[in-house]
Amino acid sequence: MNLRIQICKAFMILAAVASCSLAQPSPGRIHAADPAADSRIVFPLSKLPGMVLHDQGRIFTSPARMHPRDLAWIAPLSAGLSVLALSDRRNMQERIHTNALARSRSLTVSNVGTGSLLAIPAVLYWSGWRHGDDSTRSTALQGFRAIADTVVAAELIRTVARRERPSGENSSGDFFRAGALSSSFPSMHAAVSWAVASVVSERYPGWLTRVLAYGLAGGVSLSRVTSYQHFPADAVAGSALGWLIGRHVARSERASCPACRLYRPEPAGRTDPHGDVAGEAEPESFRSSGSVYVPLDSWVYGALDRLAAFGLIPSQIAGLRPWTRAECGREMREADSLLKEAGKAGFVDEAGELLTALRRELDSDGGSPAVVLESVYFRNGVIAGPMLNDSFHFGQTWINDFGRPYGRGWNSYGGFTARAASGRFFAYVRGEYQQAPGGPADSLAVRETIARLDGTPLRQASPVAETERFRTLEAYAGVRVGDLEFSVGKQAMWWGPTYDAPLAFSNNAEPAKNFKVSMVHPVRLPGVFGYLGDIRGEFVMGKLGGHQYTWRPWFNAQKLTFKLTGNLELGFTRWSIFWGVGHPITARSFIRNFTSTTSPRDATGAGASDPGDRKAGFDFRYRIPGLRNWLTVYSDSYCDDDPSPLAAPRRAAISPGIYLSHVPGIPRLDFRVEAPSTQPMATDLGGTFIYYNGQYRSGNTNYGRLMGNAVGRDGRAIQAWSSYHFSARTKAEAGYRELKVSSQFLPGGSTQSDGTLKVSLQLGRSWSAGIQFQYERFWVPVLGGPHRNLSGVVQLAWEPNLLLLKRDHQQ
């Protein structure tokens, strides 16, 4: 048996090499005798058998033409196929569980999907003949050629492999035992599906075409496994074989026929592997240097967002923040490069002002070790009248303020920010002295309501203590390794494209203590994965504070964002709350958190078997065709107990928005509307669904504040803002928010209305000021009312970027 396994493994590697090495024929590597080198766009069908025969010779003699650089992708694919082949039997017995009905449906899906893809060349040929379109007919004929090539190659391999098909949970999947026509390796359905998908995607290289074609082909491959027609290794080998043959066929003709060349043009400003725009490279000394993150409340984000709305930063990924200073500098250089090509567009003057201010802020970075005092600030605010300060139950008067304490009366904060860097290493601290008034204890009725809403014991009647303390809002240190930064400490997160606050992580609560791995710049993967566009990702693991039920919980979170085109961005989030008192910290529980497919709903799930409170998110941002530099639509979504908001959109929380970068006739005036909602569209499930969990009853909070959107539990809001941009750092903004919470959560529901006016001022080179006024009316029947309050905040900041310590590399 061991010998047979080793023979199978060797065969898998040989088959992978044979199929993969026909590779990617660049124009300079096309064989002179290749029949595809015909000068005509459309070859006659009579030449198809000769072409197929010639292709088979190239496929099965490809190992003789292997190039050392081919091992970079042949070796991983071969190794992966070998591992799959050796684990196929266990995978089918232990990990793939389907009943007879599900298998029948999967078989139907695979047959329909394959038939649909096989019909594409026929439809294209008829369309090309009907409209006299030689290019379309050529694509159809290349599809026929790829199908024929794949069928012949796959059948020859199947004849040699003669692998048993999975006939049930007891199938061994041995090689060299089945008949030639019933052999399972490789999957013919998967091979021909991926061959057609590859041709279509190469000839029509738009992102939507690729998503549809490869998505359908991937569905065929998966359904062949879930229908128990093939093992996973069979489906993967067939998919790889078909994709490579289809790619070879499409590129061989395209390289030899000038009229057929449909190379995908790269949008202007596309980044290189280091995230730099061609011609505007990141300084060499910065490419491996550590870089701190720009604070989430910095004006830099607004400036870069506005440049992106003008179409000057097509590689910007907005839904994963904060960005490092290095990434902000890269985006600035990209905008500067594209602005030079923008001609006399109406936004050039404002864009130039933004870039000038950004250069002053970001060009001060250097490669030498240094400690820099970024800013010193003082802030005073007052709330006159009753106010809200419990976003998990009733609402907040001041939102998105890093969880700072506040109360009725005067509130004062004074602090500083500083950063340090030395080679790959970096550190950042933001500390402040905080003073805030206390308040009376909640009434018995309010405490009874909270206990009923959360399913927790009745709290003691304790007044809110006055705050007078020094607090670090952010403090972390880290190291850069290649394009990744590893950091640990108190670090803020903003995972979404919305202006108000994302649904998962925002600066509404105090930043959590966490360990983070983050990609410094967007990157583009090689090969077929390049079709995913520019990618950024983060992994975070940290600890939450202020929880009692369950005490001392942890969380882990992952997000990947794809910039498929210069105008479309998609983000996928997965995160969970886990561990804590009663939930042991073990490797087993960590693995269960990622692999378990069940979610206990009551106390019986507590302890070692509880996989945690798992959540997911999806967001997008899209610049509207025809109004690219004017109108952007975006949305954030969040779900509990579903694998993704896309799987059950009517059970998810959503936060859609639109952004008009400039009002017609008033180029410096913008307008934005958002409508966050934690009430699912299908059924109002009350306050024990979104932002709540039966095991972790303090939900998505850190020290009592919601980490996501202050719309709260079972709430809906409509909010709008309009800003006039006088200069890069001087603007005036008016906003309005109307928030309603369902009576399915709070007895009698609640209504909260806020009107705000904010002014940001640049006072000389190193001084800035901010002024904010807010009028609020709220009615929460549990708290009595209605109530009104008026609040104001004034902040003065000195931003010297003062070098406290600097050491040259030569010293």
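Residues numbered from 1 in each chain as written. Predicted model: local features only at pLDDT ≥ 70, side-chain atom pairs only at ≥ 80, totals over all residues. Heavy atoms only, no water.

Visitor: Looking at this structure, how should I read empty space enclosed by the protein?
Guide: In this approach the atoms are scanned with a rolling probe the size of a water molecule, which exposes any empty space left behind. According to the stated counting rule, one finds 8 cavities of 30 Å³ or more in the structure shown. Size it by volume and the second largest cavity reaches roughly 110 Å³. The class makeup of the residues in the lining of the second largest cavity is 8 nonpolar, 4 polar and 1 charged. (1 Å grid on protein atoms, 1.4 Å probe; cavity = no way out; pocket = protein on both sides within 12 Å on 5 of 7 lines; lining within 4 Å. Points joined across faces, edges and corners; volume = space filled by probe spheres on them. Nonpolar A, V, L, I, M, F, W, Y, C, P; charged D, E, K, R; others polar.)

Visitor: Explanation requested: unusual backbone geometry in the structure shown.
Guide: Excluding glycine, residues mostly carry a negative phi; peptide bonds, for their part, are mostly trans. With omega at 0°, the peptide bond leading from Tyr549 into Thr550 counts as cis. Along the chain, the position of Thr550 falls in the loop between β9 (534-543) and β10 (554-563). The omega torsion across Gly785 and Pro786 is 10°, close enough to zero to call that bond cis. Along the chain, Pro786 turns up in strand β22 (residues 784-798). If you check the backbone angles, Asn400 has positive phi at about 55° while not being a glycine. Turning to its location among the elements, Asn400 is positioned in the loop between β3 (395-396) and β4 (409-422). Assessed through its relative accessible area of 19%, Asn400 is described here as buried. With a phi close to 50°, Arg552 is a non-glycine residue in the positive phi region. On the secondary structure map, Arg552 appears in the loop between β9 and β10. Here Arg552 falls in the partly exposed class, since its relative accessible area comes to 48%. (Helix = DSSP H or I, 4+ residues; strand = E, 2+ residues; numbered from the N terminus. Buried < 20%, exposed > 50% of the residue type's maximum accessible area, 1.4 Å probe, protein only.)

Visitor: Even after reading the chapter, I still don't get the packing of helix α9 (residues 299-309) against helix α10 (residues 325-339), so can you show me in this structure?
Guide: When two helices pack together, their arrangement is given by the angle between the helix axes and by the axis-to-axis distance. Packing of α9 against α10 leaves a shortest axis separation of 11 Å and a crossing angle of 35°. Helix-helix and strand crossings are classified by hand; for α9 and α10 the assignment is left-handed. Here Val300, Leu304 and Leu307 of α9 lie close against α10, whose contacting residues are Cys328, Glu331, Met332 and Ala335. Here the residues of the contact of α9 with α10 sort into 6 nonpolar, no polar and 1 charged. (Axes fitted to C-alpha atoms, helices over the stretch in contact; angles between N-to-C directions. Left-handed = near helix turned anticlockwise from the far one by under 90°. Contact = heavy atoms within 4.5 Å.)

Visitor: Please clarify how the pattern of salt bridges should be interpreted in this entry.
Guide: Between side chains of opposite charge, a pair can form when the charged atoms approach closely. Scanning all chains against the criterion turns up 31 salt bridges. Salt-bridge contacts for Asp619 lead to Lys559; the nearest nitrogen and oxygen are separated by 2.7 Å. You can see Asp619 sitting in strand β12 (residues 613-623) and its partner Lys559 sitting in strand β10, a full 60 residues away along the chain. Lys559 carries the same exposure label as Asp619, and that label is buried. (Salt bridge = Lys/Arg side-chain N within 4 Å of Asp/Glu carboxyl O.)

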